[in-house]
Amino acid sequence: MAVRQRVFLKNPKLFVAPGGLNFEKHLRLHAQEKLRYFDEIARLTDDQRNMRTVTPGYIEGMTRRWMALYHGEIAAAQYMGTAAASMPFHDYFEFIACCICQQIDELSHAEMDRDMLQRAGFRLEDLPALWEECEAKVVFNHLLSLEDGFEIAFKGGFVLESANAVVGFHAMARFAEQHGDYLSAANHRTRLTDEPRHMALGMAVAKAMLADDPANIHILQQWQDEFAPLIYNFIHASRPIERIPGSHFSADAQWASIVEHHTKNALKLGLRPTLTL
């Protein structure tokens, strides 16, 4: 069951926006990278852009993973809105700004995914049923059930995006290109320019909480222990990728990388790592 306590800092000034992020900086970074993405896909051939060059069986093998990505981005836009709305405006202006900037990222990712899915032959009206079958749905249902802004940012950024997104997208971009999917590869690469900001927000929340009161380590540990095990559902959703003809993808190897990354991050904060092989 989700931890329902609300966390506010005794000294809200201890939260510092990672990298000095504000709307102006975000706008410049976002525009620069997304324009590069649009230029890249414009240079693809019509067959590449419409996924007619992919390995036979590739789309079927990727379907569950794609459902997790697309619907996960929509969910992230929603729960980051909840995070922003949960905090007092004047005391947490920087935190709210970071949440709204992340919302923009997530909606942009969802729009890229929506375009990619339609080019791959999926009908939008069929996507909800496919999402219901996706094992990763439980991860985002948990995040959508939360009400505390810091809890959402920590679980969604520090736990989920640092372990799953940062590890997974590099590998999936390479895998896509190996199977003739240049559209998804471009999608993953541009997404990776945003994910480190989301991870950094989760880290900034944790650092602020610990600076405010070292005893908050127990709250962070409880949040991590409650949420991190759900990430294994992404491995279930990725198993069909192993069956794509010519695939050298290993869901177990991906899990090992996730556990390694998670462990390093947890130890940096003085947390006990939750995930194991």
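Quick notes on the rules
Residues numbered from 1 in each chain as written. Predicted model: local features only at pLDDT ≥ 70, side-chain atom pairs only at ≥ 80, totals over all residues. Heavy atoms only, no water. Axes fitted to C-alpha atoms, helices over the stretch in contact; angles between N-to-C directions. Helix = DSSP H or I, 4+ residues; strand = E, 2+ residues; numbered from the N terminus. Parallel < 35°, antiparallel > 145°, perpendicular 65-115°, else oblique. Contact = heavy atoms within 4.5 Å. Nonpolar A, V, L, I, M, F, W, Y, C, P; charged D, E, K, R; others polar. 1 Å grid on protein atoms, 1.4 Å probe; cavity = no way out; pocket = protein on both sides within 12 Å on 5 of 7 lines; lining within 4 Å. Points joined across faces, edges and corners; volume = space filled by probe spheres on them. Buried < 20%, exposed > 50% of the residue type's maximum accessible area, 1.4 Å probe, protein only. Phe/Tyr/Trp six-rings, centres within 6.5 Å; stacked < 30°, edge-to-face > 60°. Polar contact = N/O pair within 3.5 Å; in protein donor to acceptor, adjacent residues only side chain to side chain.

## A short note on the packing of helix α4 (residues 93-119) against helix α8 (residues 182-192)
Thinking step 1. Contact geometry for α4 and α8: axes closest at 11 Å, N-to-C directions at 175 degrees. Classified by the angle between their axes, α4 and α8 sit roughly antiparallel to one another. Between α4, through H109, M112, D113, M116 and R119, and α8, the contact on the second element is made entirely by L183, S184, N187, T190 and R191.
Thinking step 2. Counted by class, the contact of α4 with α8 contains three nonpolar, four polar and three charged residues.

## Considerations on empty space enclosed by the protein
Thinking step 1. One pass over the full model with this rule turns up three cavities of 30 Å³ or more.
Thinking step 2. Of the voids in this model, the largest cavity is the one considered here, and its volume is about 180 Å³.
Thinking step 3. Taken together, 16 residues form the lining of the largest cavity, with E73, F140, L160, A165 and F169 sitting closest to its centre.
Thinking step 4. Contributions of two or more residues to the lining of the largest cavity are made by α3 (58-85) and α7 (149-178).
Thinking step 5. Per element, the largest residue contribution to the lining of the largest cavity is seven residues, and it comes from α3.
Thinking step 6. When the residues that make up the lining of the largest cavity are grouped by side-chain class, the tally is nine nonpolar, two polar and five charged.
Thinking step 7. There is about 50 Å³ of room inside the second largest cavity.
Thinking step 8. Forming the boundary of the second largest cavity are P18, L21, H26, C98, C101, Q102, D105, R197, H198 and L201.
Thinking step 9. Secondary structure elements with two or more residues in the lining of the second largest cavity: α4 and α9 (195-212).
Thinking step 10. For the lining of the second largest cavity, the element with the most residues is α4, which contributes four residues.
Thinking step 11. The residue inventory of the lining of the second largest cavity, partitioned by class, reads five nonpolar, three polar and two charged.

## Section: helix α10 (residues 217-227)
Structurally, the α-helix is built with 3.6 residues per turn, so residues lying three or four positions apart point the same way.
Thinking step 1. A large share of α10 lies buried, amounting to eight of its eleven residues.
Thinking step 2. What α10 keeps buried is the set I217, I219, L220, Q221, W223, Q224, E226 and F227.

## Some thoughts on the environment of S162
Thinking step 1. Mapping S162 onto the fold places it in helix α7.
Thinking step 2. Using a relative accessible area of 1% as the deciding quantity, one classes S162 as buried.
Thinking step 3. Leaving out residues up to four positions away in the same chain, S162 has contacts with G157, V167, M199, H261 and N265.

## A word on the packing of aromatic side chains
Thinking step 1. Scanning the entire structure with this criterion turns up 16 aromatic pairs.
Thinking step 2. Taken together, a centroid distance of 6.3 Å and an interplanar angle of 50 degrees make the contact between F8 and Y92 tilted. With a gap of 84 residues between them, F8 in the segment before α1 (23-42) and Y92 in the loop between α3 and α4 connect regions that are remote in the sequence.
Thinking step 3. Residue classification places Y92 among the buried positions, given a relative accessible area of 3%.

## Quick look at unusual backbone geometry
Thinking step 1. Positive phi values are uncommon outside glycine, yet M51 reaches one of about 60 degrees.
Thinking step 2. Structurally, M51 can be placed in the loop between α2 (46-49) and α3.

## Considering the layout of surface pockets
Unfilled space is identified by rolling a water-sized probe across the atoms.
Thinking step 1. Of the volumes computed, that of the largest pocket is approximately 230 Å³.
Thinking step 2. If you go around the largest pocket, the residues you meet are V167, G168, A171, R174, F175, Q178, H248, F249, S250, A253, Q254 and S257.
Thinking step 3. Elements with a minimum of two residues in the lining of the largest pocket: α7 and α12 (251-269).
Thinking step 4. Top contributing element to the lining of the largest pocket by residue count: α7, with six residues.
Thinking step 5. Along the lines of polarity and charge, the residues of the lining of the largest pocket split into five nonpolar, six polar and one charged.

## Considering the side chain of E151
Thinking step 1. Counting through the fold element by element, E151 comes out in helix α7.
Thinking step 2. Residue class for E151 comes out buried when judged on its relative accessible area of 0%.
Thinking step 3. Within the local environment of E151, its side chain forms a polar contact with the side chain of K155, the two groups lying 2.7 Å apart.

## What about the side chain of T274?
Thinking step 1. With respect to the secondary-structure elements, T274 resides in the segment after α12.
Thinking step 2. Only 2.6 Å separates the side chain of T274 from the side chain of D225, close enough to count as a polar contact.
Thinking step 3. Contacts of T274, omitting those with residues within four sequence positions, involve Q221, Q224, D225, A228, P229 and H262.

Such coordinate-based values are descriptive only and should not be taken to indicate function.
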